Amino acid sequence: MKKAQNAVRMMPTVPFFVLVIFFLMLPFANTIIQSFTDPENGSFTLRNFIDVFAQPIYRSSVWNSVRIALISTVIGLTISYFTALAVTSLGGKARRRFMPILNMTQNFTGFPLAFAFMLMVGNSGFLISAAEQHGLHIFDHYELYSGDGLIPLFIYFAIPLGTLLLIPGFEAVRTEWKEAALLLKANRLQFWLKIGLPNLAPTLLGTASMLFADAITTYTTVYMIMGSNYATLPIKISMMFSGDSKQQTELGSALSLTMVIIILLVMAGTNLLKKKVVKGGGTR
């Protein structure tokens, strides 16, 4: 009877498991199989992965994606840290007003973000034209339609996501800890270095891995700005499956698996650091 009741209670989860199996597990399994398949005779091969790292165009796509993701993650996480600290320091009323704005900007990605940057800092963008008219040279070395020019876009959508993920961590830093530190003659900087940051470390590391994964898998924003003229992993993967030329699903699968492995390595690294922090007694 109890088993029957449990089965009935689990019925609403059936659509979820169906989606996971047919739209996640099976495609991923197929990607793994295809990545080790020779496109000529269907036999097992490592040639696809050799091509990923041997051919300059694919090797550069890996490097470009990792470079942009690392830079935007570090800068975005730093700004998010201070933004989350400021938000948690606000009163309840001000915080309630700020959170909808934060949620709105967190969803301002893809085509709207790319279009906004083209209007503001494109070749004839509003800010570019305004700076030139006033004799300012702040944008003289900035080129939106380049690899480095894409970094501010990645930082832009990393900040609201990072802030939303860090706010719960800051809220978990108890007021009693701050009061106790003040009683022991510790200043604000000492409190955050000795107590605040060690307790926030797991949240910071988890947020870093999320921001990195979000950045390295970004497709729409890059494609809207650069088209297929700048090599990143998502762009090259898309071209392998839906390009105008002959589809190369095996090579595309190898590129996809390479991206997944990079993300998993970053997540494994941050999880290892989390465990070391916890074992070292730095967390509550």
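The residue numbers shown here count from 1 along each chain, following its written sequence. Restriction of local features to residues with pLDDT of at least 70 applies here, the model being predicted, together with a cutoff of 80 or more for giving and counting side-chain atom pairs; totals for whole chains, interfaces and linings are based on all residues. Excluded from the side-chain calculations are hydrogens and water; all other atoms, namely the structure's heavy atoms, are used.

**A closer look at the overall build of the protein**
(1) Moving on: Counting its regular elements, the protein contains 13 helices and zero strands.
(2) Moving on: Counting from the N terminus, the helices are the DSSP runs of H or I reaching at least four residues and the strands are the DSSP runs of E reaching at least two. Sequence-ordered secondary structure for the protein, helices as α and strands as β, is α-α-α-α-α-α-α-α-α-α-α-α-α.
(3) Moving on: The C-alpha extent of the protein, read off along each of the three principal axes, is 80 × 75 × 35 Å.
(4) Moving on: Each residue is assigned to one of three classes by its accessible area relative to the maximum for its type, calculated with a 1.4 Å probe on protein chains only: buried under 20%, partly exposed between the two thresholds, exposed over 50%. Taken across its 284 residues, the protein has 37% of its residues classed as buried.
(5) Moving on: A contact between two residues is defined here by any heavy atoms of the two lying within 4.5 Å. Across the protein, the fraction of contacts at a sequence separation of at least 24, relative to all contacts at a separation of at least 6, is 67%.

**Examining empty space enclosed by the protein**
(1) Moving on: Buriedness for pockets is judged along seven lines, at least five of which must meet protein on both sides within 12 Å for an open set on the 1 Å grid over protein atoms alone, while cavities are sets there where a 1.4 Å probe fits but cannot get out, and lining residues have an atom within 4 Å of a point. Grid points are joined across faces, edges and corners, and a volume is the space filled by probe spheres set on the points. Scanning all chains against the criterion turns up one cavity of 30 Å³ or more.
(2) Moving on: What the largest cavity holds in volume is close to 50 Å³.
(3) Moving on: As for the largest cavity, its lining consists of Asn64, Ser65, Ile68, Ala69, Phe154, Ala215, Ile216, Thr218, Val222, Thr232 and Pro234.
(4) Moving on: When contributions to the lining of the largest cavity are tallied by element, the ones reaching two or more residues are helix H4 (56-89) and helix H10 (188-216).
(5) Moving on: If you tally residues by element for the lining of the largest cavity, the top one is H4, at four residues.

**Remarks on the pattern of salt bridges**
(1) Moving on: By definition here, a salt bridge exists when the distance from a side-chain nitrogen of Lys or Arg to a carboxyl oxygen of Asp or Glu is within 4 Å. All told, the structure shown has two salt bridges when counted by the stated rule.
(2) Moving on: Linking arginine 47 and glutamate 40 is a salt bridge whose minimum nitrogen-to-oxygen distance equals 3.9 Å.
(3) Moving on: Glutamate 40 gets classed as exposed once you look at its relative accessible area, which sits at 66%.
(4) Moving on: Taking the shortest distance from any N to any O, the salt bridge between arginine 67 and aspartate 148 comes out at 3.0 Å. A residue pair is termed long-range when its members are at least 10 positions apart, and arginine 67 in helix H4 and aspartate 148 in helix H8 (residues 147-171) qualify at 81 residues.

**Overview of the packing of aromatic side chains**
For any two aromatic rings, the description comes down to two numbers: the centre-to-centre distance and the angle of the planes.
(1) Moving on: Between the rings of Phe, Tyr and Trp (Trp by its six-membered ring), a pair exists once the centres lie within 6.5 Å; its type follows the angle of the planes, with under 30 degrees stacked, over 60 edge-to-face, and the other angles tilted. Under the definition given, this model contains ten aromatic pairs.
(2) Moving on: Arranged with centres 6.3 Å apart and planes meeting at 70°, the rings of phenylalanine 108 and tyrosine 156 form a pair that is edge-to-face. Linking phenylalanine 108 in the loop between helix H5 (92-106) and helix H6 (111-121) with tyrosine 156 in helix H8, this pair joins segments that are 48 residues apart in sequence.
(3) Moving on: Given the relative accessible area of 31%, phenylalanine 108 is considered partly exposed.
(4) Moving on: Classification of tyrosine 156 by relative accessible area gives partly exposed; the value is 30%.

**Overview of the packing of helix H3 (residues 47-54) against H4**
To characterise two packed helices, one gives the angle between the axes of the helices and the distance between these axes.
(1) Moving on: Axis lines are fitted to C-alpha atoms, over the contacting stretch for helices. Their N-to-C directions set the angle, which ranges from 0 to 180 degrees. Where H3 meets H4, the closest approach of the two axes is 5 Å, and the angle between their N-to-C directions is 75°. When the axis of H3 is compared with that of H4, the two are roughly perpendicular. Here H3 contributes Asp51, Val52, Phe53 and Ala54 to the contact with H4, which in turn contributes Pro56, Tyr58, Arg59 and Val62.
(2) Moving on: Just so you know the grouping, Ala, Val, Leu, Ile, Met, Phe, Trp, Tyr, Cys and Pro go in nonpolar, Asp, Glu, Lys and Arg go in charged, and all remaining residues, Gly too, go in polar. Split by residue class, the contact of H3 with H4 holds six nonpolar, no polar and two charged. Any angle that is under 35 degrees is reported as roughly parallel, and any over 145 degrees as roughly antiparallel; angles of 65 to 115 degrees are reported as roughly perpendicular and all others as oblique.

**Some details on the environment of alanine 131**
(1) Moving on: Tracing the chain through its elements places alanine 131 in helix H7 (residues 126-133).
(2) Moving on: Not counting residues up to four positions away in its chain, the partners in contact with alanine 131 are Leu136, Ile138 and Phe139.

**Let's talk about the nonpolar core**
(1) Moving on: Core analysis: the biggest nonpolar cluster contains 37 residues, and Leu150, Phe154, Ile216, Ile225, Leu255 and Ile262 have the highest contact counts within it.
(2) Moving on: Mapped by element, the contributors of at least two residues to this core are H3, H4, H6, H8, H10, helix H11 (220-226), helix H12 (233-242) and helix H13 (249-279).
(3) Moving on: The biggest single contributor to this core is H13, with seven residues.
(4) Moving on: Setting aside residues up to four positions removed in sequence, isoleucine 225 forms contacts with Ala114, Met118, Leu144, Tyr145, Leu150 and Leu153.
(5) Moving on: Counting 20 residues, the second-largest nonpolar core is a separate cluster that includes Tyr81, Val87, Phe170 and Leu200. Within this scheme, the nonpolar core is defined by two criteria: the residues are buried Ala, Val, Leu, Ile, Met, Phe, Trp, Tyr or Cys, and they are joined through side-chain atoms within 4.5 Å.

**With respect to the packing of H6 against H8**
(1) Moving on: Two numbers describe how H6 lies on H8: the axes approach to 11 Å, and their chain directions differ by 130°. Relative to H8, the element H6 is oriented oblique. Two packed elements cross with a definite hand, and for H6 against H8 that hand is right-handed. On the side of H6, the interface is formed by Leu113, Ala114 and Phe117, while H8 contributes Pro152, Leu153, Tyr156 and Phe157.
(2) Moving on: Looking at the contact of H6 with H8 residue by residue, the classes come out as seven nonpolar, no polar and no charged. Here a crossing is taken to be left-handed if its near helix is turned anticlockwise relative to the far helix by less than a right angle, and right-handed if that turn runs clockwise.

**Considering H8**
(1) Moving on: Taking 1.5 Å per residue, 25 residues should reach 36 Å; H8 reaches 37 Å between its end C-alpha atoms and fits that length.
(2) Moving on: The angle between axes fitted to the seven residues ending at a residue and the seven residues starting there is what we call the bend at that residue. The sharpest bend along H8 comes to roughly 30°, located at leucine 165, with the proline proline 168 sitting one to four residues further on. Between the first and last residue of a helix there are one fewer steps than residues, each counted as 1.5 Å, and that sum is the expected span.

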